[in-house]
Amino acid sequence: MAASTLPPDLFDQTTLVSLFSTVAILALAYGLSRRCLSSSIASSLRFLFIWHAFDALIHFCLEGSFLYHCFFSSLPLDAAAEGFYPDPHNFLGHTDRVHGSQAGGANPFAQLWMVYARADRRWAGVDLGVVSLELLTVFVVGPMAVSVCYDIAKKNPRANITMIMLATAELYGGFMTFCPEWLTGNVNLDSSNFMYLWVYLVFFNMLWVFIPAYAIYVASADIFDAFKIRSARVGAKKAN
């Protein structure tokens, strides 16, 4: 797409603040790792601590705010802006209102989600598939990520099991978020420019594919090593 046809709000203040907020959350996760982990910890575990701290903060702060607006921000249907994302029929018992970030007005978190909704308009309103997944993400996956951080800091091998469960949930959730769009021709997605396609849709979502896959690899390797040690001990006892 030619530069002259790029959306005028592609790098507006709201967009820049939204991107900075993600960097700030990552910096906070890194700071937590410096405070909670010993300097001798394996680099793979330090990386996974930072990732799970970042993951939990994203789920609680950002995706939690998305759910808040889905349930508590609304406008009368006749007052909604043109091009709004319609509510599912009888959502929360209403047929005459629209909910979601699009109804959040000047709230900073609503504005953040409206930035992302430029690439995926489902996040402007209420999509039942997305909301259902986010309920699990915020109230189940978020606490699990905190548990992983705690166990890594305490050197508890339980972290391996939780990481595998959590990574599997993240991979499944990502597939269920985008598969409905793939099956319907990506009607809600806008990939018309670099920012929307490669930053919003690809980069931010593929993080939750490659890093969970890496977490499964690291956790599985540790579990396999434990089985090898047990097998060696059993073999030694039988030899005696």
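Criteria and thresholds
- Residues numbered from 1 in each chain as written.
- Predicted model: local features only at pLDDT ≥ 70, side-chain atom pairs only at ≥ 80, totals over all residues.
- Heavy atoms only, no water.
- Salt bridge = Lys/Arg side-chain N within 4 Å of Asp/Glu carboxyl O.
- Helix = DSSP H or I, 4+ residues; strand = E, 2+ residues; numbered from the N terminus.
- Buried < 20%, exposed > 50% of the residue type's maximum accessible area, 1.4 Å probe, protein only.
- UniProt positions renumbered as here; feature names shortened; annotations may be inferred.
- Phe/Tyr/Trp six-rings, centres within 6.5 Å; stacked < 30°, edge-to-face > 60°.

Undergrad: Summarise the pattern of salt bridges; cite the residues concerned and give the values.
TA: As enumerated under the stated definition, the model contains four salt bridges in all. With a closest N to O distance of 3.1 Å, R118 and D12 form a salt bridge. Here the residue R118 occupies a position in the loop between α3 (108-116) and α4 (128-153), and D12 occupies one in the segment before α1 (13-36), the gap between them amounting to 106 residues. On the basis of relative accessibility, which here comes to 23%, the residue D12 falls in the partly exposed class. Ionic pairing is found between R122 and D120, a salt bridge with its closest N-O pair at 2.8 Å. The same class applies to R122 as to D120, namely buried.

Undergrad: Go over the UniProt feature "transmembrane region" (unreviewed entry) in the protein with me, naming the residues and quoting the values.
TA: The feature "transmembrane region" (unreviewed entry), as annotated in UniProt, sits at residues 15-33, 45-68, 128-150, 162-183 and 195-220 in this numbering. Between the end C-alpha atoms of residues 162-183 the distance is 32 Å, and the span holds 100% helix and 0% strand.

Undergrad: I'd like a description of unusual backbone geometry, backed by residues and values.
TA: Across residues other than glycine, the phi torsion is negative in most instances, and most of the peptide bonds are trans. Phi is positive for L92, which is not a glycine, with a value near 55 degrees. For L92, a relative accessible area of 42% gives the class partly exposed. Of note in the backbone geometry, N186 takes a positive phi value of approximately 55 degrees without being a glycine. Inspection of the secondary structure puts N186 in the loop between α5 (158-183) and α6 (194-239).

Undergrad: Tell me what's going on with the packing of aromatic side chains, and back it up with residues and numbers.
TA: Summed over the entire model, instances satisfying the criterion amount to 17 aromatic pairs. With 4.7 Å between their ring centres and 55 degrees between their planes, F66 and W123 make a pair best called tilted. Linking F66 in helix α2 (residues 43-72) with W123 in the loop between α3 and α4, this pair joins segments that are 57 residues apart in sequence. Residue W123 is classed as buried on the basis of its relative accessible area, which comes to 7%. Ring geometry for F175 against W182: centres 6.0 Å apart, planes inclined by 70 degrees, an arrangement best described as edge-to-face. Aromatic ring contacts, followed pair by pair, group F66, W113, Y116, W123, Y196 and Y200 into a single cluster.

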